[in-house]
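Spelled out, the chains give:
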Amino acid sequence: QVQLVESGGGLVQPGGSLRLSCAASGFTFSSYWMYWVRQAPGKGLEWVSAISTGGGKTYYADSVKERFTVSRDNANNTLYLQMNSLKSEDTAVYYCAKAVRLVVTFDEYDGWGQGTQVTVSL
């Protein structure tokens, strides 16, 4: 069955870096757009980033632009999110998700991971 498993979260100080991974299985990873979405404590879902099937197109929320970089390794069915210059407001549970095309609403995603916690604090 479809599985998306995030890892790499943790506690980091402001200004620090983390790299999240999302291991995919049970579907043809290279045929899907992949997404990162986050949810801060007490808040709704926030779209973070998207990457095309081949990795040639990437998109970012304004809140993370120039600090976060999304990438993918289709040979190893893995999605990444490199997060630099982290701020306290980046504290959230980070989810990876998939869709067959570029979509703009969360209900169009057809698979989600379980999430990984990122906490940015002194």
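1. Brief notes about the sheet that holds strand S3 (residues 18-25)
Point 1. Reading across the sheet, the four strands line up as S1-S3-S8-S7 and stay open at both edges, with antiparallel pairing between neighbours. A single partner strand is all that each edge strand has here, and the edge strands are strand S1 (3-7) and strand S7 (68-73). Going across the sheet, the axis of each strand differs from the next one's by a mean of 15°, ignoring polarity.
Point 2. Looking at chain direction, S3 and strand S8 (residues 78-83) are connected through six bridges and run antiparallel. Note on S8: the bridge partner recorded for Cys-22 is Leu-79.

2. Considering the side chain of Asp-90
Point 1. By secondary structure assignment, the location of Asp-90 is in the loop between S8 and strand S9 (92-99).
Point 2. There is a polar contact of 2.8 Å between the side chain of Asp-90 and the backbone nitrogen of Lys-87.
Point 3. Once residues within four sequence positions are removed from consideration, Asp-90 is found in contact with Arg-38, Arg-67, Phe-68, Ser-85, Val-118 and Val-120.

3. Comments concerning the packing of aromatic side chains
Point 1. On inspection of all chains with the given rule, the structure shows eight aromatic pairs.
Point 2. Arranged with centres 5.1 Å apart and planes meeting at 80°, the rings of Phe-27 and Tyr-32 form a pair that is edge-to-face. Here Phe-27 matches Tyr-32 in class, with each residue buried.
Point 3. Taking the centre distance of 6.2 Å and the plane angle of 20° together, the rings of Trp-33 and Tyr-59 count as stacked. Taken together, the positions of Trp-33 in strand S4 (residues 33-39) and Tyr-59 in strand S6 (residues 58-60) put the pair 26 residues apart, joining distant regions of the chain.
Point 4. The exposure class assigned to Trp-33 is buried, which follows from its relative accessible area of 12%.
Point 5. Put simply, the rings of Tyr-35, Tyr-95, Phe-106, Tyr-109 and Trp-112 pair up and form one aromatic cluster.
Point 6. Lying over the aromatic face of Phe-29, Arg-72 brings its terminal NZ or CZ to 4.4 Å of the ring centre.

4. Examining the pairing of S4
Consecutive side chains along a regular strand alternate between the two faces of the sheet.
Point 1. Most of S4 is tucked away: six of the seven residues are buried.
Point 2. Pairing analysis gives seven bridges linking S4 to S9, with the strands arranged antiparallel. Note on S9: the bridge partner recorded for Trp-33 is Ala-99.
Point 3. Direction of pairing for S4 relative to strand S5 (residues 45-51): antiparallel, over a ladder of six bridges. Looking at the pairing, Val-37 lines up with Trp-47 of S5.
Point 4. Between S4 and S5, which pair antiparallel and follow one another directly, the connecting turn spans five residues, one of which, Gly-42, has a positive phi of 75°.

So, how was this worked out
- Residues numbered from 1 in each chain as written.
- Predicted model: local features only at pLDDT ≥ 70, side-chain atom pairs only at ≥ 80, totals over all residues.
- Heavy atoms only, no water.
- Pairing = 2+ DSSP bridges.
- Helix = DSSP H or I, 4+ residues; strand = E, 2+ residues; numbered from the N terminus.
- Axes fitted to C-alpha atoms, helices over the stretch in contact; angles between N-to-C directions.
- Polar contact = N/O pair within 3.5 Å; in protein donor to acceptor, adjacent residues only side chain to side chain.
- Contact = heavy atoms within 4.5 Å.
- Phe/Tyr/Trp six-rings, centres within 6.5 Å; stacked < 30°, edge-to-face > 60°.
- Buried < 20%, exposed > 50% of the residue type's maximum accessible area, 1.4 Å probe, protein only.
- Lys NZ or Arg CZ within 6 Å of the ring centre and 35° of its normal.

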